[in-house]
Structures are given as structure tokens and as C-alpha cells.
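# A closer look at the structure
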Amino acid sequence: MYNYGFFNPNVNVAGGIALVIILALVGTILLYTFILPDSKYDSLPPVLRFVHEFFKVKKLWLEAIMRALYVFSCLFYILIGIFVMFKSSFLGGLCMMILIPIILRLMYEFLMILILIARNVMELNNKTPWPKGIKPNADSFPTTQFTSVSSTPVKFETPAPDAAPMVCPKCGTKLEPDAMFCPVCGNKLK
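Residues numbered from 1 in each chain as written. Predicted model: local features only at pLDDT ≥ 70, side-chain atom pairs only at ≥ 80, totals over all residues. Heavy atoms only, no water.

## With respect to the packing of aromatic side chains
- Inspection of every chain in the model, using the stated rule, returns five aromatic pairs.
- Seen in terms of ring centroids, Phe72 and Phe76 are 6.1 Å apart; in terms of plane orientation they differ by 20 degrees. Their pairing is stacked. On the criterion of helical spacing, the pair formed by Phe72 and Phe76 is a turn pair, its members being four residues apart in helix α3 (residues 62-87).
- Residue classification places Phe72 among the exposed positions, given a relative accessible area of 55%.
- We classify Phe76 as partly exposed; its relative accessible area is 39%. (Phe/Tyr/Trp six-rings, centres within 6.5 Å; stacked < 30°, edge-to-face > 60°. Helix = DSSP H or I, 4+ residues; strand = E, 2+ residues; numbered from the N terminus. Buried < 20%, exposed > 50% of the residue type's maximum accessible area, 1.4 Å probe, protein only.)

## Some remarks on the pattern of salt bridges
- Considering all chains together, one arrives at three salt bridges under this definition.
- The partner of Glu63 in a salt bridge is Arg67, and the shortest N-O contact between them spans 3.5 Å. Pair noted here: Glu63 and Arg67 are both in helix α3, with a separation of four residues, about one helical turn.
- Residue class for Arg67 comes out partly exposed when judged on its relative accessible area of 39%.
- A salt bridge links Glu63 to Arg119; its shortest N-O distance comes to 2.4 Å. Remark: Arg119 occurs in helix α4 (residues 90-127) and Glu63 occurs in helix α3; sequence separation between them is 56 residues. (Salt bridge = Lys/Arg side-chain N within 4 Å of Asp/Glu carboxyl O.)

## Details of the nonpolar core
- Core analysis: the biggest nonpolar cluster contains seven residues, these being Met66, Tyr70, Cys74, Leu104, Tyr108, Met112 and Ile115.
- The element that contributes the greatest number of residues to this core is α4, accounting for four residues.
- Leaving out residues up to four positions away in the same chain, Tyr70 has contacts with Pro101, Leu104, Arg105 and Tyr108. (Core = buried A, V, L, I, M, F, W, Y, C linked by side-chain atoms within 4.5 Å. Contact = heavy atoms within 4.5 Å.)

## Side note on the side chain of Glu63
- Using a relative accessible area of 16% as the deciding quantity, one classes Glu63 as buried.
- Within the structure, the side chain of Glu63 is placed 2.4 Å from the side chain of Arg119, a separation counted as a polar contact.
- Sequence-distant contacts of Glu63, defined by excluding residues within four places in its chain, comprise Met112, Ile115 and Arg119. (Polar contact = N/O pair within 3.5 Å; in protein donor to acceptor, adjacent residues only side chain to side chain.)

Take a look at the structure:
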């Protein structure tokens, strides 16, 4: 059987890393083209649906992993505390059995708060009714909001076809030429 050099132990590491990088780039392009678009989800077989859901991060696995690590760590330190209590220092083992699980609980709760914030933001983004099903990207949100001090209303003129891009009269977000609603504030434009 002929070895094409892919698994030759004499090949340098840089060549292997370059091959892995190229394969990862090709795989990424294929995933983004054929598996990850939401429009293709219904036509995917179950295995590729799992791949789609895995890379779209619709569920957070971190919560279950953190809970299992928390339980394991607490039991580990309680058992170590019992061992230390009877083998070397009774007070040291007792402190280990009580204090370390409390510290672990506080760390676990802090991490769970961060995970819950991330999950809630993801759920809100998925439930927000954006006009025409278009979700705005991070660049479309204005960084500051300006309010008019004068009592006279500001008049916006319809731009010529070759003029600068349209902006929402309410929040100032750049708009697509055929937009009927602002994707940020929902203001009706036409």
C-alpha cells in the first residue's frame, strides 16, 4: 500500500498544520454553504440537522456541563475533607468539607447568571418580530440617540435615486432603498 505522505512520520509539523488549516477552511465554507443556512434546514437529513443545530448554537450545553462539574467538585472536596479529617487534620478536613463547597456554589451561581443572561439574550433575539424577517446586525444600531431641542419639526426629504443612502427619520439608522419599516425601531417609512 502506497503512503501519499499524509501520515508519514518524517513529514514536518508545519506541513501537517497547514494541511489541517486548509481542510478546516474548506469544511467551514462547505458548512456555511450547504448546511448552516436556515432555508436548507427542512431538507437536511437528521444527522446534518444535528450538525446544523450544533453550529447554530440554539441550545447552551454549558449549563448542563457546569452543573455536572459543580456536583462532581462538591462531592470530590467533601470526600477529600473526610479523608483529611481522619488521616491528618480534623479541623482542616472539616473546613474543607464546609468552605470549599460554599465557594464552589458561589462560583457556580455567578457562572449560571452569566449563562442565563446569554440564553435570555438569544431567546429575545429569536422572538423579536423584525420587519420582513430581517434581523439587524450590530452595525445598524445607533450608538447615540439625538433628540430635537427646538419645537419645530424636522423635515426629511425623499432622496434622489443616486443620492446618499436613506436613513430612518425616527432613529437615524441607515436603510435599504426598498425598506418599508426601520429594522431597528420599526418606524413605518412608506
